[in-house]
Amino acid sequence: MKIVAVTACVAGLAHTYMAATGLKKAAKARNIEIHVETQGSMGIQNKIKQSDIDTADVVIFAVDTNVAHRDRFEKKPILTVKVAEAVKNADNVINKALELIKK
Amino acid sequence: MSFKERLDNLSRHLMTGVSYMIPVVVAGGLMVSIAIMIGGTGVWEAKEGFAATIKDIGLYGLGLIVPVIAAYIAYSIADKPGIAPGFIVGMLAKDMGTGFLGGIIVGLMVGYFVELLKKIQAPAAIMPVISILLIPVASTFVVGVTLKYIIGGPIIAATKGITAWLGGMQAGNQIILAAILGAMMAFDMGGPVNKTALTFAYGLYAEKIYGPATAIHIAIAIPPLGLALAAFLASKRYSNEEKEAAKSALVMGIVGITEGAIPFALADPVRVIPAIMIGSAVSSGLSAALGVVNPVLMATVFATPFVNKPLLHVVAVLAGVVTTAVLVNVFKSIGAKKNNSETEVVA
């Protein structure tokens, strides 16, 4: 199982990075490989490699704004949630993502 | 697509615009503030000299607010092809005086129109013509002309109406508006509701109405400062993680980052969020009641030397910080028994 995720909030100061940390922790706890890209006030950081996107099983967008360069994720199953959801309960967001690809 | 999904999408487009706009406002607004610091308020009339230069640079920044929000809302909807027409028609909106509202409407119109044009199916040989000629030209032409001759008038009237209404607002209503904006700032600590209040205030700031901007800027640091004080006053009620968070909340509060309050709110939202909303509303409302005006775009603490009444500003800040701290500790004492074990911490 492999997940790639993008997090972004409006000001790009705190929520963006807290959501990224939350998702990484939750994925690690389940031994799921995850790559998280943050699109905060500093622009794109930890940019996900296209090869990682191509081999990922599911994409998570935890965002209050739109994802920059979202054409990279075309044809992938994408779960979009508000950034606050990933901050509050990242585990549940991962659950939702897994459910999305089960169908 | 359900109605809620549509609404979420719309909100994402608007917030994308706002997220690109914020650095423009901050850079432009602070340049003007620095100019006033160096040259005094006389700098508004000054045409020459260093302070006037800094002011002019800042005004270029503030003048970009409307085009930037238009361009990046369009970008959010239609991706790259939205940017050029968004900027061009956004400049028209700015010069027509449609204000912030005009920028948002232009962004939405350009975005959805370009998105529509992108759906045109054509033979591969003609596609480049569509992408490089038809889309930018047609969307700029159609939205530009529509703005100038049809919807511009009503938007200008609406902007003038809001401006006049706020300008002529009676003291009591001004206090209520300030308090509501303060509470909104605290509600999600830097999230979309906070940014809605901020956007509203910045839009009016661009029209030289300082009341809402004063209200939101004083509110920025009340949650982190109030919670830091609360943790200091009643350290037994807070986990070790929260005590650590209190230190960083103090620093974040001083520099003006509401997000410093988030760890506390996550651990105990039901008690913390009402307390910080009331505390922030007290500061914002009180500063309006005391007639404090903050002409610079600086948050709570750093704004102090620049407001018209620094002493009363400090009184309003302290009132909000103390209110927050006392309320949150009172709330915590009410449900303390069952709460001790369920503290949850996010890194």
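In this text, all values refer to a predicted model and were calculated from it rather than measured experimentally. (Residues numbered from 1 in each chain as written. Chains lettered and ligands numbered in written order. Predicted model: local features only at pLDDT ≥ 70, side-chain atom pairs only at ≥ 80, totals over all residues.)

Draft legend 1. Layout of the pairing of strand 4 (residues 58-63) of chain A. All names here are of chain A. Taking burial as the measure, the 6 residues of strand 4 include 6 buried ones, the bulk of the element. Both faces of strand 4 are covered, namely the face carrying Val58, Ile60 and Ala62 and the face carrying Val59, Phe61 and Val63. The pairing of strand 1 (residues 2-8) with strand 4 spans 6 bridges and is classified as parallel. Within the sheet, the bridge partner assigned to Ala5 lies in strand 4 and is Ile60. Relative to strand 5 (residues 78-81), strand 4 is paired through 4 bridges, and the arrangement is parallel. Counterpart to Phe61 in the pairing with strand 5 is Thr80. (Buried ≥ 20, exposed ≤ 12 C-beta atoms within 10 Å, placed from the backbone. Helix = DSSP H or I, 4+ residues; strand = E, 2+ residues; numbered from the N terminus. Pairing = 2+ DSSP bridges.)

Draft legend 2. Geometry of helix 1 (residues 15-29) of chain A. Helix length check: helix 1 of chain A (15 residues) gives 21 Å between terminal C-alpha atoms against 21 Å at 1.5 Å per residue, within 8%. All of the buried residues in helix 1 of chain A are His15, Thr16, Tyr17, Met18, Ala19, Ala20, Gly22, Leu23, Ala26 and Ala27 of chain A. Each element contacted by the buried residues of helix 1 of chain A is listed here: strand 1, strand 2 (33-40), strand 4, helix 3 (83-88) and helix 4 (90-102) of chain A together with helix 12 (262-267) of chain B. (Expected span 1.5 Å × (residues − 1). Contact = placed C-beta atoms within 7 Å.)

Draft legend 3. Expanded view of the interface of chain A and chain B. At the interface, 17 residues of chain A touch 18 residues of chain B. Taken together, the elements giving at least two residues each to the side of chain A that touches chain B come down to helix 1 and helix 3 of chain A. Examining the composition of the side of chain A that touches chain B, we find that 5 residues originate from one element, helix 1 of chain A, more than from any other. Grouping the amino acids of the side of chain A that touches chain B by side-chain chemistry returns 8 nonpolar, 6 polar and 3 charged. (Nonpolar A, V, L, I, M, F, W, Y, C, P; charged D, E, K, R; others polar.)

Draft legend 4. Molecular detail of the confidence of the model for chain B. Residues and elements named next belong to chain B. For chain B, per-residue confidence averages 89 on the pLDDT scale, and residues scoring 70 or more make up 97% of the total. Low pLDDT (under 50) marks residues 338-347, which in the prediction has 15 contacts with non-local residues, meaning those over four places away or in another chain. If you check the scores for this complex, the pTM reads 0.82 and the ipTM reads 0.86. (pLDDT = per-residue confidence, 0-100.)

Draft legend 5. The arrangement of the sheet that holds strand 3 (residues 43-45) of chain A in detail. Residue and element names in this part refer to chain A. Spatially, 5 strands are ordered 3-2-1-4-5 in an open sheet, and the strand pairing comes out mixed. Looking at the sheet topology across the chains shown, the edges are occupied by strand 3 and strand 5. On average, each strand axis in the sheet is inclined to that of its neighbour by 15°, with strand direction left out of account. Helix-sheet contacts for helix 1 involve strand 1, strand 2 and strand 4, and the interaxial angle to strand 2 is about 180°. Packed on one face of the sheet, helix 4 meets strand 1, strand 4 and strand 5 and runs near 140° to strand 4. (Axes fitted to C-alpha atoms, helices over the stretch in contact; angles between N-to-C directions.)

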